[in-house]
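A look at the structure
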Amino acid sequence: MDNILEVVQVTKQFPGVKALDRFSFSLRRGEVHALVGENGAGKSTLIHILGGVLRPDEGEIVLEGQKTRFHSAHDAALKGISVVYQDLSLVPNLSVAENIFANRQPTGRLGFMDRKALNSAAEQLLREFGEEISPSLPVRHVPLGKAQVVEIVKAMSLKPKVLLMDEPTSSLSTGEVQRLFANLQKWKNEGISILYVSHNLSEVFEVADRVTVMKDGQYVDTMPASETTEDELVSKMVGRTIQNIYGERLQPPQERVRFSVEGFNRGSDFQDVTFQIREGEIVGLAGLVGAGRTELGRAIFGAEPPDSGELRVDGKLCQARSPGQAIGAGIAYLTEDRKIHGLCLSLAIRDNLVSPNLREFVKAAGLLSDRRIRCFAEECRERFRIVTPSVSQRVMNLSGGNQQKVLLSMWLGIRPKVLIADEPTRGVDVGTKSEIYHHLRKMAEQGTAILLISSDLQEILNMSDRVLVMREGRIVSEIPKKDATEELVLTCAIGAGCPRGTGV
């Protein structure tokens, strides 16, 4: 099988960081080639270079036997390369169809957009993917998982020879993931070559023909996916063996109730939600996409307050009609979307770390203490192993995993009594996952009540002391850790009936 794309000794340097260091690899025609490595290994930088967003400092790119240089993303697309980026490139105020055919909308005789033809073409592409999404719906009203599907359909609408996919399943439901995998096989059979970047190693073994490991911007190894194991890949990625990424609970939660939600309601998002979390307890909140989990988390934090209901922290009724009030009551919220709702990407790491609790860094004269801020930021960098040349580095220049570490350490800085962790390990590598799990367990040992919202059932099952299952805006089941299985949680989440004793 001949190569359609070759990367030869490519180097890319950013201030203080060598993202790619003489990296080489090849992509064959009609294969799915997985690219794995820790956060910061250089995977996304490579995707941006191959997609025409960045230019390499050194090295060559060979496409279909010809040395080439991409001058822009548009240039790369014209040469047959489409990209599904980790961070969505959709325009929220445009419709699904307008995003899919951005700058390529069909026009009528007078040069105006032919909206009927546009929507018809988009609907056809979505149907081929297996999705029922209204092409006229503005993207801002499309759930995150469906928006990810639109991003994939947009890339495929260009009829590429090479498809680059950077964490394409990070926001997809189980059903959407399976539809994507079926489409990958179809596209592969049609001769399309796919470079597939994922931190979910089980996906690699399901879809990939070959897998390349990279570390610190350098090539490590390439092997057939059928001839390696997950443990071997992890060892090559992180340079060490990780036996149990979830860790172990060292002490049981206390009996005292630290946090309670009573009678929470808001429109069609959720109804009559009531639960408690004990001091030092981790409670998992599972459910299908659209069940209302994130909406509930945002309501607790005051970002989108409920229509009715009460919150209590340590038995005391608290008003959390805004994030400021929630923080004042000791409630922190680790959002599922760190770039949109979690971090100020244009600000420095140090500025983000102190943003929820500025009062702690004020001097007697009422001015911020640069020394205190710097010391706290350096302490966070060391404690959370944030890879950066300086805490004055802007957050946008960090890898996804290091951004997630900044977000977590930012909230730990307020020493919360309650932490709502919404998809805390989305889009991070196995080593970073292990570190995040360690910090969550450490917080629980110190008495924090944690509500863990996750679409990763293994994460829910291995981290939680109890599992709450949410369906159509209601908590329908409460499952003790000893009884919780993937099959039982899914059964309750889809409404197929829960065994006696699990319903609430």
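Residues numbered from 1 in each chain as written. Predicted model: local features only at pLDDT ≥ 70, side-chain atom pairs only at ≥ 80, totals over all residues. Heavy atoms only, no water.

We now examine the overall build of the chain. Across its full length, the chain holds 17 helices and 20 strands. Relative to the 2.2 N^0.38 estimate, which gives 23 Å for 504 residues, the radius of gyration of the chain is 24 Å and therefore close to what a compact globule would have. Seen through its principal axes, the chain has C-alpha atoms that stretch 70 × 50 × 50 Å. Scored against the burial criterion, the 504 residues of the chain give a buried share of 53%. Restricting to contacts in the chain with at least 6 residues of sequence separation, those with at least 24 account for 66%. Each charge class in the chain was averaged separately, 62 positive and 64 negative side chains, and the resulting centres sit 5 Å apart. (Helix = DSSP H or I, 4+ residues; strand = E, 2+ residues; numbered from the N terminus. Rg over C-alpha atoms; globule rule 2.2 N^0.38 Å. Buried < 20%, exposed > 50% of the residue type's maximum accessible area, 1.4 Å probe, protein only. Contact = heavy atoms within 4.5 Å. Lys, Arg positive; Asp, Glu negative; His and termini not counted. Charge placed at Lys NZ, Arg CZ, Asp CG, Glu CD.)

A few words on the sheet that holds strand 19 (residues 466–471). Taken in spatial order, the six strands make up an open sheet running 16-17-18-13-19-20, and their pairing is mixed. At either margin of the open sheet sits one strand with a lone partner, and together these are strand 16 (331–334) and strand 20 (474–480). Geometrically, the sheet is characterised by an average inter-axis angle of 20° between neighbouring strands, direction not taken into account. Direction of pairing for strand 13 (residues 282–286) relative to strand 19: parallel, over a ladder of four bridges. Residue pairing for strand 19: Ala286 is matched across the bridge by Val469. Helix 15 (residues 430–445) rests against strand 13, strand 17 (418–422) and strand 18 (449–453) of the sheet, and its axis sits at about 150° to strand 18. (Pairing = 2+ DSSP bridges. Axes fitted to C-alpha atoms, helices over the stretch in contact; angles between N-to-C directions.)

Moving on, we get to helix 15. In a regular helix each residue adds 1.5 Å, so 16 residues correspond to 22 Å; helix 15 covers 23 Å between its end C-alpha atoms and thus fits that length. A large share of helix 15 lies buried, amounting to 13 of its 16 residues. Positive phi shows up at Gly447, right after helix 15, with a value of about 105°. (Expected span 1.5 Å × (residues − 1).)

Further remarks concern a nonpolar patch on the surface. Taken together, the side chains of Leu288, Leu490 and Ile494 present a nonpolar region at the surface, about 250 Å² in accessible area. Looking at where Leu288 falls in the secondary structure, it is placed in the loop between strand 13 and helix 9 (293–300). (Patch = residues over 30% accessible without salt bridge, like charges linked within 9 Å, V, L, I, M, F, W, Y side chains within 5 Å. Areas by Shrake-Rupley, 256 points an atom, 1.4 Å probe, with all protein chains shown as cover. Salt bridge = Lys/Arg side-chain N within 4 Å of Asp/Glu carboxyl O.)

With that settled, the discussion passes to the packing of aromatic side chains. A full pass over the atoms with the stated rule returns nine aromatic pairs. Between the aromatic rings of Phe301 and Tyr333, the centroid separation amounts to 5.6 Å while the plane-to-plane angle is 35°, which identifies the pairing as tilted. Taken together, the positions of Phe301 in the loop between helix 9 and strand 14 (308–313) and Tyr333 in strand 16 put the pair 32 residues apart, joining distant regions of the chain. Residue Phe301 is classed as buried on the basis of its relative accessible area, which comes to 7%. Judged by centre distance (5.6 Å) and plane angle (90°), the rings of Phe301 and Trp411 are edge-to-face. With Phe301 in the loop between helix 9 and strand 14 and Trp411 in helix 14 (residues 400–412), this pair connects stretches of sequence that are 110 residues apart. An aromatic cluster of three or more residues is present, and its members are Phe23, Phe25 and Tyr219. (Phe/Tyr/Trp six-rings, centres within 6.5 Å; stacked < 30°, edge-to-face > 60°.)

Let's shift gears to the nonpolar core. Among the nonpolar cores identified, the biggest contains 94 residues, and Phe259, Phe275, Ile300 and Ile331 are the most heavily contacted of them. In this structure, Leu126, Ala155, Met156 and Val207 belong to the second largest nonpolar core, which totals 34 residues. (Core = buried A, V, L, I, M, F, W, Y, C linked by side-chain atoms within 4.5 Å.)

This part takes up helix 6 (residues 174–189). For helix 6, spanning 16 residues, the distance from its first C-alpha to its last is 23 Å, which sits close to the expected 22 Å at 1.5 Å a residue. If you check which residues of helix 6 are buried, you get Glu176, Val177, Leu180, Phe181, Asn183, Leu184, Trp187 and Lys188. Within helix 6, the buried residues cover an arc of 165° as seen down the axis, which keeps them to one side. Every exposed residue of helix 6 that faces more than 90 degrees away from the buried side is listed here: Thr174 and Asn189. In this structure, the buried side of helix 6 is in contact with strand 3 (32–36), helix 4 (115–129), helix 5 (144–156), strand 7 (162–166), strand 8 (193–197) and helix 7 (201–207). (Arc of directions from axis to C-beta.)

Let us look at the pairing of strand 19. Most of strand 19 sits inside the fold, with five of its six residues counted as buried. Across six bridges, strand 19 lies against strand 20 in antiparallel orientation. Its bridge partner being in strand 20, Met470 is matched across the sheet by Ile475. Between strand 19 and strand 20, which pair antiparallel in sequence order, lie two residues; one of them, Glu472, sits at a positive phi of approximately 50°.

What follows concerns the side chain of Glu151. Topologically, Glu151 is positioned in helix 5. For the buried Glu151, no salt bridge exists, and the shortest N-O distance to an oppositely charged side chain is 5.3 Å, to Lys154. The residues contacting Glu151, other than those within four sequence positions of it, are Val84, Tyr85, Leu88, Ser89 and Leu90.

In this section: the environment of Phe361. Tracing the chain through its elements places Phe361 in the loop between helix 12 (349–354) and helix 13 (370–383). Between the alpha carbons of Phe361 and Ala303 there is a distance of 25 Å; along the sequence they are 58 residues apart. Among residues more than four places away in sequence, those in contact with Phe361 are Val354, Leu367, Leu368, Ser369, Arg372, Ile373 and Phe376.

Glancing now at the packing of helix 4 against helix 5. Packed helix pairs are characterised by how far apart their axes lie and by the angle those axes make with each other. As a packed pair, helix 4 and helix 5 sit with axes 10 Å apart at the nearest point and diverge in direction by 110°. Here helix 4 is positioned roughly perpendicular relative to helix 5, judged by the angle of their axes. Contact residues: helix 4 offers Leu125, Leu126 and Phe129, while helix 5 offers Val149, Ile152 and Val153. Of the residues belonging to the contact of helix 4 with helix 5, the class tally is six nonpolar, no polar and no charged. (Parallel < 35°, antiparallel > 145°, perpendicular 65-115°, else oblique. Nonpolar A, V, L, I, M, F, W, Y, C, P; charged D, E, K, R; others polar.)

Turning our attention to the environment of Glu295. The residue Glu295 is located in helix 9 in this model. Take Glu295: its relative accessible area is 29%, and that puts it in the partly exposed class. On a C-alpha basis, the gap between Glu295 and Pro306 in space is 9.4 Å, while along the polypeptide they are eleven residues apart. Apart from residues no more than four positions distant in its own chain, Glu295 is found in contact with Arg266, Asp269 and Phe270.

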